[in-house]
Amino acid sequence: MRIRDKLLSGFFLMSLVAVAIGGISYCRLKEVVGPLQNDIPQSIESMRELDHLDRQVQLMRYDAEVLFNCAQNYVSSQNVWWKERYYAFKAQLDTVLADVVSRNVGESAATFKQIQAEYEQMADLQAEVIKTVDNKEDIEAEEILKDRNYWENKGRFENLIDAYFSQRGSQYEQAFESSVVLIKITAQKGDLILKNSLMLILLWLVVIIIVSLLIGMIITDTIAGPIEQLTQFTKKIGQGDFSKQVRIESKDEVGALAGAFNKMLKDLGEYREKLVRNEKLAAMGKLAGIIGHEIRNPLTGIANSVYFLKMKLGKNADEKVLKHLNIMESEVANAETVIEDTLDFAREKDPVLEETGIAIVLEKALGRKAIPENIRLTRDIPADLPPVNVDAPQMMRVFYNLIWNAIQAMADGGELNIKVSVDQRADEGDVIAVAFIDSGSGISPENLKKIFEPLFTTKAKGTGLGLSVCQDIVKAHRGTLEVQSQAPHGTTFTVRLPAALNTGG
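Just so you know, the residues in each chain are numbered from 1, in the order the chain's sequence is written. A pLDDT threshold of at least 70 governs which residues receive local features in this predicted model, and a stricter bar of 80 or more applies before side-chain atom pairs are shown or counted, although totals over entire chains, interfaces and linings include all residues. Side-chain measures were taken over the full set of non-hydrogen atoms in the model, leaving aside hydrogen atoms and water.

Visitor: What's the story with the overall build of the chain in this structure? I'm lost.
Guide: Only DSSP runs of H or I with at least four residues qualify as helices, and only runs of E with at least two residues qualify as strands; both kinds are numbered from the N terminus onward. Each helix and strand counted, the chain has 13 helices and seven strands in total. Here the chain holds 505 residues, and 43% of them are scored as buried. Sequence separation of at least 24 residues holds for 74% of the intrachain contacts in the chain that already meet a minimum separation of 6. Whether a residue is buried, partly exposed or exposed follows from its accessible area with a 1.4 Å probe, protein chains only, as a fraction of its type maximum: under 20%, in between, or over 50%, in that order. It only takes one pair of heavy atoms within 4.5 Å for two residues to be counted as in contact.

Have a look at this one:
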């Protein structure tokens with residue numbers, strides 16, 4: 001029964017004074033509902049927009065570093081692949097910059113126009129470098145890269161990006177603090193409403209007969225009680241405690257208010273966590289650029305040197321030397337995987353979907369590296385599977401990570417079974433399920449809850465980013481990544497993807 005209906009039931013037995021009291025209490029109650037349903041959600045939406053813009057700027061930072069590395073590598077290697085990669089990333093960065101500049105006004109637009117101007121100067125110099133290399137003028141190209149103006153231009157671009165993130169951090173804090181202040185004001189207003197309502201009810205009980213007293217007690221229990229509960233919770237929220245939920249089961253306005261209150265608590269808690277995550281991503285983005293510049297190039301040189309030595313030595317190579325060369329090659333590949341995990345975690349890349357067979361993607365993932373001899377691999381892959389719409393390189397990376405996670409869990413040997421099946425669901429259509437079942441030591445219940453959290457790992461080596469990246473990729477494909485494990489009886493990771501017919505393929 002609605003609050004208004006409860007009051008009307010009592011109005012037949014009470015005086016016109018009771019009508020005024022009920023009307024005033026109802027109107028004042030709406031003053032508490034307004035901020036919770038309008039002002040606070042608007043503040044949360046503002047933080048969501050800031051988060052999207054941060055991801056765009058993070059992508060700008062990464063693309064600019066890739067362009068810088070591509071230009072340098074093209075000069076040193078004259079490999080056309082670096083030139084093609086340069087123009088691919090330049091097109092992406094041009095699009096992101098144009099979008100960011102067009103969607104911002106005021107001081108933000110001016111900042112991004114400065115970033116765009118510095119980038120265009122740097123891109124012009126890089127284009128001149130590529131053109132000079134194409135004309136076989138290698139020395140002139142190296143002189144451009146060593147020129148002070150080029151490095152000062154790059155430094156100004158990076159400083160503008162850093163200045164943006166410093167300014168954006170304060171805007172996040174202001175948006176979050178404004179939400180907390182608004183909650184405190186709402187708590188004070190609710191407390192005042194409660195006190196006024198209780199005083200009116202007490203005066204009413206003195207005047208009205210025993211029947212009115214009973215009705216007043218019912219109204220107090222059904223209205224003032226939940227409002228008092230909400231008031232106590234808003235005070236806790238004002239102190240920064242977002243861990244609890246309001247438990248009001250009534251089907252009236254107070255119940256609706258409690259529902260809106262609980263949703264607001266959940267959203268604020270999520271965005272506080274997201275604020276911390278964004279700060280990590282900002283640091284991770286800067287670290288990714290340093291890794292790409294300082295580590296990837298030397299690793300490429302090491303890999304090329306190993307390949308040259310193996311080719312030079314040929315079949316007559318000493319077995320011990322060949323063994324150590326293979327170890328170097330394997331460790332370089334592992335280091336490349338760590339770099340890729342770090343870069344994939346720091347950047348947001350939408351999948352480019354193409355129709356393909358899931359078995360083809362699986363075979364490519366298995367072909368990236370030989371399965372150890374002490375691991376028995378079995379496949380259960382039907383021949384008549386429906387196609388899927390996926391970004392093949394991204395999904396191959398997911399399958400590769402899950403395969404090698406399983407192999408690492410079976411250090412002493414075991415069995416890895418890859419099973420593919422089709423689940424037919426009335427609400428979703430066909431779903432392709434790819435299960436990776438290992439006979440390893442399994443995952444403990446406490447670790448199972450944190451297995452997809454960024455930077456969490458139980459391995460002696462590893463970044464703790466692989467499974468987090470895999471989950472993000474699968475979600476971007478409208479799929480799910482699930483894990484089941486009961487130590488020490490092995491682990492099953494299952495990737496579920498909609499069939500092509502369900503995704504418009």
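Visitor: Explain helix 5 (residues 138–146) to me, please; I cannot follow it from the model alone.
Guide: Each α-helix winds once per 3.6 residues, and so residues spaced three or four apart point in a common direction. Within the span of helix 5, buried status applies to A141, I144 and L145. The buried residues of helix 5 occupy an angular sector of 100° when the element is viewed end-on, so they sit on one face. In helix 5, those exposed residues whose orientation departs by more than 90 degrees from the buried face are I139 and K146. Arc definition: directions from the helix axis to the C-beta atoms.

Visitor: Sorry if this is basic, but what is going on with the packing of helix 11 (residues 392–408) against helix 13 (residues 466–476) here?
Guide: The description of two packed helices rests on the angle between their axes and on the distance between the axes. Packing of helix 11 against helix 13 brings their axes to within 10 Å, and their N-to-C directions diverge by 145°. Like other packed secondary-structure pairs, helix 11 and helix 13 cross with a definite hand, here left-handed. On helix 13, the residues that touch Q394, M395, V398, N401, L402 and N405 of helix 11 are G466, L467, C470, I473 and V474. Axis geometry follows a simple rule: fit a line to the C-alpha atoms, using only the stretch in contact for helices, then measure angles between N-to-C directions, giving values from 0 to 180 degrees. By convention the crossing between two helices is left-handed if the near helix lies anticlockwise of the far one by an angle smaller than a right angle, and right-handed if it lies clockwise.

Visitor: When you look at the packing of aromatic side chains in this model, what are you seeing that I'm missing?
Guide: The geometry of an aromatic ring pair comes down to the distance between the two centres and the angle between the two planes. Any pair of Phe, Tyr and Trp rings, taking the six-membered ring for Trp, is counted once the centres come within 6.5 Å. Such a pair is stacked with planes under 30 degrees apart, edge-to-face with planes over 60 apart, and tilted for the rest. All chains considered together, the criterion is met by eight aromatic pairs. A ring pair is formed by W81 and W82, whose centres lie 4.8 Å apart and whose planes are at 80°; its orientation type is edge-to-face. The partly exposed category is assigned to W81, whose relative accessible area is 43%. For W82, a relative accessible area of 16% puts it in the buried group. Between the aromatic rings of Y86 and Y87, the centroid separation amounts to 5.2 Å while the plane-to-plane angle is 85°, which identifies the pairing as edge-to-face.

Visitor: For this particular structure, what's the right way to read the pattern of salt bridges?
Guide: Any two side chains of opposite charge can pair if their charged atoms end up close together. A pair is scored as a salt bridge if a Lys or Arg side-chain nitrogen falls within 4 Å of a carboxyl oxygen belonging to Asp or Glu. Summed over all chains, the structure comprises twelve salt bridges. Where R379 meets E363, a salt bridge forms, and the shortest distance between an N and an O atom there is 3.1 Å. One end of the pair, R379, is in strand 2 (residues 375–380); the other, E363, is in helix 10 (residues 358–366), with 16 residues separating them in the sequence.

Visitor: Is there a simple way to think about the pairing of strand 4 (residues 414–425) in this case?
Guide: The side chains of a regular strand alternate, residue by residue, between the two faces of the sheet. Any two strands between which DSSP finds at least two bridges are classified as paired. Judged from the six bridges that link them, strand 2 and strand 4 form a sheet pairing that is parallel. Bridging from a neighbouring strand, R376 pairs with E415 of strand 4.

Visitor: I keep staring at the sheet that holds strand 5 (residues 429–438) and nothing clicks. Help me out?
Guide: The strands that make up a sheet pair up through hydrogen bonds in the backbone, lying either parallel or antiparallel. Taking strand neighbours across the sheet as the criterion, the five strands line up as 2-4-5-7-6 in an open arrangement whose pairing is mixed. Each edge of the sheet is formed by a strand with only one pairing partner; in this case those strands are strand 2 and strand 6 (480–485). Geometrically, the sheet is characterised by an average inter-axis angle of 20° between neighbouring strands, direction not taken into account. Here helix 13 sits on the sheet in contact with strand 6 and strand 7 (491–498), set at roughly 135° to strand 6.

Visitor: Explain the nonpolar core to me, please; I cannot follow it from the model alone.
Guide: As a rule of thumb, nonpolar side chains are buried together in soluble globular proteins. In plain words, nonpolar cores are sets of buried Ala, Val, Leu, Ile, Met, Phe, Trp, Tyr and Cys residues tied together by side-chain atoms within 4.5 Å. With 38 residues, the main nonpolar core has I358, V398, F399, I403, V434, F436 and V495 as its most contacted residues. For this core, the secondary structure elements donating two or more residues are helix 10, strand 3 (388–390), helix 11, strand 4, strand 5, helix 13, strand 6 and strand 7. Counting residues per element, this core draws most heavily on helix 11, which supplies nine residues. Look past the residues within four positions of I358 in its chain and what remains in contact with it is L385, V388, F399, V420, I432, V434 and L497. Within the second largest apolar cluster, 37 residues are counted, among which are F68, V75, Y119 and A141.

Visitor: Even after reading the chapter, I still don't get helix 11, so can you show me in this structure?
Guide: The span you would expect from a helix comes to 1.5 Å times its residue count less one. With 17 residues, helix 11 should cover 24 Å at 1.5 Å per step; its first-to-last C-alpha distance of 24 Å lies within 8% of that length. Burial within helix 11 is extensive, with twelve of its 17 residues counted as buried.

Visitor: Please explain the packing of helix 10 against helix 11 as it appears in this structure.
Guide: In the contact formed by helix 10 and helix 11, the axes pass within 8 Å of each other and the chain directions differ by 55°. Taken as axis vectors, helix 10 and helix 11 run oblique relative to one another. Of the two elements, helix 10 crosses helix 11, and the hand of that crossing is right-handed. In this structure, helix 10 uses I358, V361, L362, K364, A365 and L366 to contact helix 11, whose residues at the interface are A392, M395, M396, F399, Y400 and I403. An angle counts as roughly parallel when it lies under 35 degrees, as roughly antiparallel when it exceeds 145, as roughly perpendicular when it falls between 65 and 115, and as oblique in every other case.

Visitor: What is the right way to look at unusual backbone geometry in this model?
Guide: Of all residues except glycine, most have a negative phi; of all peptide bonds, most are trans. The backbone of Q78 sits at a positive phi, close to 55°, despite the residue not being glycine. Unlike most non-glycine residues, K136 shows phi in positive territory, near 65°. Overall, K136 belongs to the exposed group, its relative accessible area being 67%.

Visitor: I'm lost on a negative patch on the surface in this one. Help?
Guide: Each patch is assembled from residues with relative accessible area greater than 30% and no salt bridge, linking like charges that lie within 9 Å and nonpolar side chains (Val, Leu, Ile, Met, Phe, Trp, Tyr) that lie within 5 Å. In this description, accessible areas are obtained by the Shrake-Rupley approach with a 1.4 Å probe, and a residue is regarded as covered only by the protein chains that are shown. Residues scored as positive are Lys and Arg, those scored as negative are Asp and Glu, and His as well as the terminal groups of each chain are ignored. Charge placement uses NZ in Lys and CZ in Arg. For Asp and Glu, CG and CD serve respectively. On the surface, E137, E140, E142, E143 and D147 cluster together into a patch of negative charge. Relative to the elements of secondary structure, E140 occurs in helix 5.

Visitor: Sorry if this is basic, but what is going on with the environment of L362 here?
Guide: With respect to the helices and strands, L362 occurs in helix 10. Of the residues examined, L362 reaches a relative accessible area of 1% and is grouped as buried. Sequence-wise, L362 and V434 are 72 residues apart; in three dimensions their C-alpha atoms are separated by 9.3 Å. Those residues in contact with L362 that lie beyond four places of it in its chain are I381, F399, I418, V420, V434 and F436.

Visitor: What am I meant to see in the confidence of the model for the chain here?
Guide: In this model, the chain carries an average pLDDT of 77, and 65% of its residues clear a pLDDT of 70 or more. Here helix 1 (residues 3–11) stands out as the least confident element of the chain, with mean pLDDT 63; strand 7 is the most confident, with 94. Scored between 0 and 100, pLDDT is the confidence that the predictor attaches to each residue.

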